[in-house]
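# Fold and contact review
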Amino acid sequence: MDFLADCRTRLAFDLVANTWNPVVLWALRLGPRRHGELRRTIGGISAKVLTETVRRLEFDGLIERREGAYTLTPLGETLLAPIEGFGRWAAEHGDDVVAAQDRARSA
């Protein structure tokens, strides 16, 4: 399979490449949250960046706002397993990546 600029695989990678997209989706896995609650749950995200992120995720059809709270759509729920897989990979291999980066810096 070719990874062209307009292919569906590239689209999927773009959805998780943004730093905050997977974090917001993961934070919504347990149910709806209002903007302030979502920001407190995530930590380290500004109100402006969170607003930009939820708007982007709404545009992509991954979350929706109902009664003042953001919730995953069925499409958004389908990304939870891949996000969890990335998390498992990071837990297993993150130290190896950091060690490689340290070696590259000291070379």
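Residues numbered from 1 in each chain as written. Predicted model: local features only at pLDDT ≥ 70, side-chain atom pairs only at ≥ 80, totals over all residues. Heavy atoms only, no water.

## Quick notes on the overall build of the protein
When helices and strands are tallied, the protein shows six helices and two strands. The linear arrangement of helices and strands in the protein, starting from the amino end, is α-α-α-α-β-β-α-α. A principal-axis box enclosing the C-alpha atoms of the protein has dimensions of 55 × 35 × 25 Å. When the 107 residues of the protein are sorted by exposure, 27% land in the buried category. (Helix = DSSP H or I, 4+ residues; strand = E, 2+ residues; numbered from the N terminus. Buried < 20%, exposed > 50% of the residue type's maximum accessible area, 1.4 Å probe, protein only.)

## Re the environment of Thr53
Secondary-structure assignment places Thr53 in helix H4 (residues 47-59). By relative accessible area, which is 0% here, Thr53 ends up buried. Remark: the alpha-carbon pair of Thr53 and Asn21, spanning 32 residues in sequence, is separated by 6.4 Å. Beyond its immediate stretch of four places on either side in the chain, Thr53 contacts Trp20, Asn21 and Val24. (Contact = heavy atoms within 4.5 Å.)

## Some points on the confidence of the model for the protein
Residues of the protein with pLDDT of at least 70 account for 94%, and the chain-wide mean is 93. At the low end of the mean pLDDT range in the protein sits helix H1 (residues 8-17), at 85; at the high end sits strand S2 (residues 69-72), at 98. (pLDDT = per-residue confidence, 0-100.)

## Quick word on the nonpolar core
Of all hydrophobic cores here, the largest spans 18 residues; its most connected members are Val24, Leu25, Leu38 and Ile63. Taken together, the elements giving at least two residues each to this core come down to helix H2 (20-27), helix H3 (35-42), H4, S2 and helix H6 (80-106). Apart from residues lying up to four places away in sequence, Leu25 is in contact with Leu57, Leu62, Ile63, Leu72, Leu79, Leu80 and Ile83. (Core = buried A, V, L, I, M, F, W, Y, C linked by side-chain atoms within 4.5 Å.)

## A few points about the pairing of strand S1 (residues 63-66)
Within a regular strand, side chains alternate between the sheet's two faces. Here S1 pairs with S2 via four bridges, running antiparallel. Note that in S2 the partner of Arg66 across the bridge is Ala69. The turn linking S1 back onto S2 is made up of two residues, and Glu67 within it adopts a positive phi angle of 50°. (Pairing = 2+ DSSP bridges.)

## Things to note about the environment of Val54
Mapped onto the fold, Val54 is located in helix H4. Each C-alpha atom, one on Val54 and one on Tyr70, is 8.0 Å from the other, the two residues being 16 residues apart in sequence. Sequence-distant contacts of Val54, that is, excluding residues within four places in its chain, are made with Val24, Leu38, Ile63 and Tyr70.

## Topic: unusual backbone geometry
One non-glycine residue with positive phi stands out, namely Glu67, at about 50°. Take Glu67: it is sitting in the loop between S1 and S2.

## Concerning the packing of H2 against H4
H4 packs onto H2 with a crossing angle of 80° between their chain directions and a minimal axis gap of 10 Å. One way to sum up the angle between H2 and H4 is to call them roughly perpendicular. For the pair formed by H2 and H4, the contact residues are Trp20, Asn21, Val24 and Leu25 on the first element and Val49, Leu50, Thr53, Val54, Arg56 and Leu57 on the second. Residue composition of the contact of H2 with H4, by class: seven nonpolar, two polar and one charged. (Axes fitted to C-alpha atoms, helices over the stretch in contact; angles between N-to-C directions. Parallel < 35°, antiparallel > 145°, perpendicular 65-115°, else oblique. Nonpolar A, V, L, I, M, F, W, Y, C, P; charged D, E, K, R; others polar.)

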